[in-house]
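Per-entry structural report
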Amino acid sequence: MPDKDEPARHRYEKLVNRLETLMRAALKPQYKGYGGQLVLSSGDLKEMGELKDIRRAVREAGRRLGWKPATRLVGDRLFVLDEREVPEEIQQLAENAAAEAMHRARREHQ
């Protein structure tokens, strides 16, 4: 007789794999796996299931990626963040990229 929890385990593993793919796709290669973040919309959340299951799957997917995953529910969106300490060189790259983006935005609005 098949295990009655097998379908639930399969759905959970599928959710973890989907989240891992989304989280990996959100990474910028130049940041060497650091600075990960993902925002799941209310539509994403409805499609994925119960919030507690999504958060659990995020933690598993994050561990697979080497993240220290954290989630924050803000309104109807779930923010997924990598809370690891970022090495100085990666932090500097991110700060430079942000400064360049702000500079471009100012030039476009002048």
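Notes on the structure follow. (Residues numbered from 1 in each chain as written. Predicted model: local features only at pLDDT ≥ 70, side-chain atom pairs only at ≥ 80, totals over all residues. Heavy atoms only, no water.)

A few words on the overall build of the protein chain. Looking only at helices and strands, the protein chain has four helices and three strands in total. Secondary structure of the protein chain in N-to-C order comes out as α-β-α-α-β-β-α. In terms of C-alpha radius of gyration, the protein chain reaches 17 Å, well past the compact-globule figure of 13 Å for 110 residues. For the protein chain, the spread of C-alpha atoms along the three principal axes comes to 70 × 30 × 20 Å. The burial tally for the protein chain puts 24% of its 110 residues in the buried class. Put simply, 63% of the contacts in the protein chain that link residues at least 6 apart link residues at least 24 apart. Accessible area for the protein chain stands at about 8000 Å²; split by element, carbon and sulfur atoms hold 52% of it. Side chains of the protein chain give 22 positive and 19 negative charges; the mean places of these two sets differ by 2 Å. (Helix = DSSP H or I, 4+ residues; strand = E, 2+ residues; numbered from the N terminus. Rg over C-alpha atoms; globule rule 2.2 N^0.38 Å. Buried < 20%, exposed > 50% of the residue type's maximum accessible area, 1.4 Å probe, protein only. Contact = heavy atoms within 4.5 Å. Areas by Shrake-Rupley, 256 points an atom, 1.4 Å probe, with all protein chains shown as cover. Lys, Arg positive; Asp, Glu negative; His and termini not counted. Charge placed at Lys NZ, Arg CZ, Asp CG, Glu CD.)

What follows covers the sheet that holds strand S2 (residues 69-74). Pairing is antiparallel across the open sheet formed by three strands, whose spatial order is S1-S3-S2. Looking at which strands have only one partner, the edges of the open sheet turn out to be strand S1 (37-40) and S2. Strand after strand, the sheet turns through a mean of 15 degrees between neighbouring axes, direction not considered. In the sheet, S2 pairs with strand S3 (residues 77-82) via six bridges, with the strands oriented antiparallel. The residue of S3 that forms the bridge with valine 74 is arginine 77. Running over the sheet, helix H3 (residues 51-65) touches S1, S2 and S3 and is turned about 150 degrees from S2. (Pairing = 2+ DSSP bridges. Axes fitted to C-alpha atoms, helices over the stretch in contact; angles between N-to-C directions.)

A few words on the nonpolar core. Among the nonpolar cores identified, the biggest contains 18 residues, and Leu19, Met23, Leu40 and Ile54 are the most heavily contacted of them. Elements with a minimum of two residues in this core: helix H1 (6-25), S1, helix H2 (42-48), H3 and S3. What isoleucine 54 contacts, discounting residues up to four positions off in sequence, is Leu15, Leu19, Leu40, Leu45, Met48, Gly49 and Leu78. (Core = buried A, V, L, I, M, F, W, Y, C linked by side-chain atoms within 4.5 Å.)

Right, let's get into the packing of H1 against H3. Running from N to C, H1 and H3 point in directions that differ by 55 degrees, and their axes come no closer than 8 Å. With respect to their mutual orientation, H1 and H3 come out oblique. For H1 against H3, the interelement crossing comes out right-handed. In this structure, H1 uses Tyr12, Glu13, Leu15, Val16, Asn17, Leu19, Glu20, Met23 and Arg24 to contact H3, whose residues at the interface are Asp53, Ile54, Arg56, Ala57, Val58, Glu60, Ala61, Gly62, Arg64 and Leu65. (Parallel < 35°, antiparallel > 145°, perpendicular 65-115°, else oblique. Left-handed = near helix turned anticlockwise from the far one by under 90°.)

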